[in-house]
Amino acid sequence: MLKNYLTVALRNFRRNKIFTAINILGLSIGISAALVIFLIVQFDYSFDRFEKNGNRIFRVVRSYAFQGGNPGFTRGVPAPLAEAVKKDVSGLDQVVTFRYFNDNKLEVPPLHAAKPLVFRAQEHIIFAEESYFKMLPYKWLAGSSTTAMQGPGKVVISETRAKLYFPSLSFPEIIGRKIIYDDTITTQVSGVVADFKRQGNTDFNFEEFISLPTILNNYGLRGNFHWDQWGSTTSDQQLYVLLGTSTKLESVEAGLKKIFEVNLGTEAKKNNFTWNFLLQPLDDIHFNNRYGGFNIALADKSTLESLILVAIFLLLLGCINFINLSTAQASKRAKEIGIRKTMGSAKYQLVLQFLSETFIITLIASILSFSLIPVLLKLFSDFIPEGVRFSLNDPFLILFLLILVLTVSLLAGFYPAAVLSSSKPLQVLKNQAYQGSARTRGALIRQTLTVAQFIIAQAFIMGTFLVGKQIRFMLDKDLGFRKEAIISFNTPYADTSISKRYFLLNELNKIPGINLSSLGNDVPSSFGWWTTTLEYQNGKKEIQTVVELKAGDANYLRLFQIPLLAGRYLQPSDTTKEILINESSMHFLGFQNPQDVIGKMVKLDDKMVPVVGVMKDFHPHPLNYKIAPLAFCQSVNNCRKIIVALKPEEAKAFTSGGVAGVSKENNWKEVIAKIKDDFSKTYPQENFDFAFFDESIASAYGNQQNISSLLKWATGLTVFISCLGLLGLVIYTTNHRVKEIGVRKVLGASVTQIVSILSKDFIKLVAIAFVVATPLAWWALHNWLDDFAFRTEISWWVFVISGIGMIAIALITLSVQTIKAAMANPVTSLRSE
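Residues numbered from 1 in each chain as written. Predicted model: local features only at pLDDT ≥ 70, side-chain atom pairs only at ≥ 80, totals over all residues. Heavy atoms only, no water.

As a further point, take the overall build of the protein chain. For the protein chain, the helix and strand inventory stands at 27 helices and 24 strands. Put simply, 80% of the contacts in the protein chain that link residues at least 6 apart link residues at least 24 apart. Split by element, the accessible area of the protein chain, about 38,800 Å² in all, is 57% carbon and sulfur. (Helix = DSSP H or I, 4+ residues; strand = E, 2+ residues; numbered from the N terminus. Contact = heavy atoms within 4.5 Å. Areas by Shrake-Rupley, 256 points an atom, 1.4 Å probe, with all protein chains shown as cover.)

Pairing in this open sheet of four strands is antiparallel, and the strands run β15-β23-β14-β24 from one edge to the other. Each of the sheet's edge strands pairs with one partner strand only, and the pair in question is β15 (514-520) and β24 (690-692). In this sheet, neighbouring strand axes are inclined to one another by 20° on average, regardless of whether the strands run parallel or antiparallel. Relative to strand β23 (residues 641-646), strand β14 (residues 486-490) runs antiparallel, the two sharing five bridges. Of the residues in β23, the one forming a bridge with Asn490 is Lys641. Its contacts with the sheet put helix α16 (residues 498-509) on β14, β15 and β23, and the angle it makes with β15 is roughly 165°. Across the face of the sheet, helix α21 (residues 669-682) comes into contact with β14, β15, β23 and β24 while running at roughly 20° to β14. (Pairing = 2+ DSSP bridges. Axes fitted to C-alpha atoms, helices over the stretch in contact; angles between N-to-C directions.)

Let us now look at the side chain of Glu548. By the secondary structure assignment, Glu548 is in strand β17 (residues 542-551). Here His621 takes part through its side chain, which lies 2.6 Å from a polar atom of the side chain of Glu548. Excluding residues within four positions of it along the chain, Glu548 makes contact with Gly528, Trp529, Trp530, Thr531, Pro620, His621, Pro629, Leu630 and Ala631. (Polar contact = N/O pair within 3.5 Å; in protein donor to acceptor, adjacent residues only side chain to side chain.)

Let's shift gears to the environment of Lys258. Mapped onto the secondary structure, Lys258 falls in helix α9 (residues 249-270). A C-alpha to C-alpha distance of 9.1 Å links Lys258 and Asp88, two positions 170 residues apart in sequence.

Right, let's get into a positive patch on the surface. Taken together, the side chains of Arg11, Arg14, Arg15 and Lys17 make up a positively charged region of the molecular surface. Looking at the positive patch element by element, the count peaks at three residues for helix α1 (residues 2-15). (Patch = residues over 30% accessible without salt bridge, like charges linked within 9 Å, V, L, I, M, F, W, Y side chains within 5 Å. Salt bridge = Lys/Arg side-chain N within 4 Å of Asp/Glu carboxyl O. Lys, Arg positive; Asp, Glu negative; His and termini not counted. Charge placed at Lys NZ, Arg CZ, Asp CG, Glu CD.)

Let us look at the nonpolar core. One finds Ile31, Phe481, Phe560 and Met615 to be the most contacted residues of the largest nonpolar core, which totals 80 residues. The dominant element in this core, judged by the number of residues it contributes, is helix α2 (residues 17-44), at 14 residues. Ignoring any residue separated from it by four or fewer positions in sequence, one finds Met615 in contact with Leu557, Ile562, Pro563, Leu564, Leu565, Leu580, Ile581, Asn582, Glu583, Leu630 and Phe632. Ranked by size, the runner-up nonpolar core spans 42 residues in total, among them Leu508, Phe591, Val609 and Phe688. (Core = buried A, V, L, I, M, F, W, Y, C linked by side-chain atoms within 4.5 Å. Buried < 20%, exposed > 50% of the residue type's maximum accessible area, 1.4 Å probe, protein only.)

Moving on, we get to unusual backbone geometry. Despite not being glycine, Asp182 has its phi angle at roughly 50°, a positive value. Here Asp182 lies in the loop between β9 (178-181) and β10 (185-193). Asp182 sits in the buried class, given a relative accessible area of 18%.

The next thing to look at is a nonpolar patch on the surface. On the surface, Ile308, Leu309, Ile312, Leu316 and Leu411 cluster together into a nonpolar patch covering about 400 Å² of accessible area. Sorting elements by how many residues they give to the nonpolar patch places helix α10 (residues 301-328) first, with four residues. Mapped onto the secondary structure, Leu411 falls in helix α13 (residues 395-421).

Here Ala767 shows up in helix α25 (residues 751-785). C-alpha of Ala767 to C-alpha of Met806: the two residues are 39 residues apart in sequence and 9.0 Å apart in space.

Looking now at the packing of aromatic side chains. All told, the structure shown has 43 aromatic pairs when counted by the stated rule. Note on Tyr536 and Phe591: the rings are 5.6 Å apart at their centroids and 55° apart in plane angle, and the pair reads as tilted. Here Phe591 lies in the loop between α18 (583-588) and α19 (594-597) and Tyr536 lies in strand β16 (residues 531-537), a separation of 55 residues in the sequence. As far as burial versus exposure is concerned, Tyr536 and Phe591 are alike and both buried. Taking 5.3 Å as the distance between ring centres and 50° as the angle between the ring planes, the aromatic pair formed by Phe679 and Phe688 counts as tilted. (Phe/Tyr/Trp six-rings, centres within 6.5 Å; stacked < 30°, edge-to-face > 60°.)

This part covers the pattern of salt bridges. One pass over the full model with this rule turns up 13 salt bridges. Across the salt bridge formed by Arg568 and Glu578, the nearest N and O atoms sit 2.8 Å from each other. In this pair, Arg568 sits in the loop between β18 (564-567) and β19 (579-582) while Glu578 sits in the loop between β18 and β19, placing the two residues ten residues apart along the sequence. We classify Glu578 as buried; its relative accessible area is 12%. Beyond isolated ion pairs, a larger network of salt bridges with shared partners links Glu83, Lys86 and Glu129.

Relative to the 16 Å expected for twelve residues at 1.5 Å per residue, α16 spans 17 Å between its end C-alpha atoms, a close match to the ideal helical length. If you check which residues of α16 are buried, you get Ile498, Arg501, Leu504, Leu505 and Leu508. Take α16 and look down its axis: the buried residues cluster within an arc of 125°, on one side only. Here the buried face of α16 lies against β14, β15, β23 and α21. (Expected span 1.5 Å × (residues − 1). Arc of directions from axis to C-beta.)

On to α2. Relative to the 40 Å expected for 28 residues at 1.5 Å per residue, α2 spans 40 Å between its end C-alpha atoms, a close match to the ideal helical length. The element α2 is largely enclosed, with a buried count of 23 among its 28 residues.

Note that all results are geometric; they support no functional claim without further evidence.
Set out below in structure tokens:
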């Protein structure tokens, strides 16, 4: 029986080569997308799933908001919180705190070599304690988890770092060897652990673990890390808790709230801000960009959900093509079905016959898709996470493919099989099986499915247009400052010499290709937040709030061309003696006229200073955020970033995008080489890393640009599959109406008239799809734009152009066959009559 099913299926495929090819191509596109997306989703959802008791591990995170400002979210906590939690919150099996210690100089004293090994800007280093290794299942290769972190000056390293620092020693021999951090922190290796990533995908990418008591016994570190200050928070300081088996999440959060009220409640009320500690599940860390991860790329759940929807839509479109073409050809197989039933075939046997044909087509499409996966992974490497791998040994991938083949076979084949096997033998043999109401019902179902195809395709087109429009709006919007031809770089964190920074600035200003250089804590627009308190007594009441703070030297605002509405720029100074505020701060303090606030005394971080100028509002963060009260001061001690405005005329045919096909670095190659030379003379042991400001701004919208790229590909594929189905239906229609076309030509119909007659019914379907897709797309796009504080308008032309474009594409697709049919010789088609 199976051999007979296969023989009949292959015979049918040979008779209908075009329709078979359309079905295989449509299904293979959907299956390819589904397989690649499965690999991405499987990879991202595999992070930190192997930890024992992972469902009871939570990170303590913080949300905050202040009057007139943006809500904020951070993974950072005050350093004293860990001890307070250990003391005042019950029901916790482990309380784990650690502190980042990245981008540091590291020195390994020599064993036999003449010079020590020196590493610059080493990353993945933390200060941790014994409980860290109790919470996470590290495998110890040397040393003991119970003693390795006890006392100051101890460090545990991963096997990768052990082989890097001590290549000639075995792991036990490494114990007791010295590692010196930043020339001041001397440690002894007390343990070696296996690379944690060997156990599975994880966000815990740390390689070196310095004992936490090292901070407590080092006055300099304790002060730099604000170890005893409740009001100081940094994302470098994190806290994790392992809940007891019977501990309620709510009770721990209530305990955290009580700690906040005791230590920070008064300050919060005074400065009009709220501050809440929350517990974030371990398996949420890899997906939650709101709080961030461990300085590695995180996944975005909304993007993953969008990918899954794209795969579902592409599979549906391929299935719709199969259903439409199979049911359209039902009349061609009517006699075959009638004879089979007359000879005794049961309905279930016919259903199995047609389902087997669907299964074979799906299997061929799957084999084609499977062979294309390595090519697709390479083609979309910029979009696909770095760790995604394709392997024939992946049992989950093979299982998913089997389920996918069976599901698609049933989804695409069941309805055609039911329709084809339900006809009555007598009607079939009299050629009446697919006449009258049955024929009309079949045509109505095909029309409905075609409309559904083009609803999906047009919704994607509209989405692509508007997402692209929003990205252009964000990149082209006037942010209130200059962003072109500006680079920035950091001076070494460990080098606190202000005189060196000023010396470097002076040297840079001598370079002919530099317009101006400046010192600042950050560039005007970034993801970094630095806040402080601002108080003003207006004679009637005291106005208090938290403001965002930017700091820089006297050239900072001039370099970025940030205009003043009133007053003057700051006078050169090494300390904060006066400030500038933005329009939002001015309005919050109760002033409408910028001139009226000039000279007013305000308390900034407990220091009385005059307001000497009002800046025009600019965007200190990406356009997802609204503009909040902001102050600018000259706190040079906090300014470690040097910003350089290059002269555009020094670039090679400078444009806002640089020279076509040439990186911006090449545009100012000679100038940047001189900057690097001066940097190396000032900081001879440091690496020079810089970034173009406009590129940094553009990179802030990486997620939106990924969505745009995804939509473009999805749109192209949905339109292509929909047009494939449309082409198949019009081929069937013209073949079915060949004698009608011949008669019309004999009676004098022109090619244009015949093409119009053949096309109008299909164009009506595309137009109906446009009417349905427009409100659906508007609703979805309106919700998407709500995430942006500053957004483009949903223009009417987006929908009109999408509709006209889709109709034009449909006409082109139809014309491939309709013109050919209309130009055929009527004698040939009417010869049998």
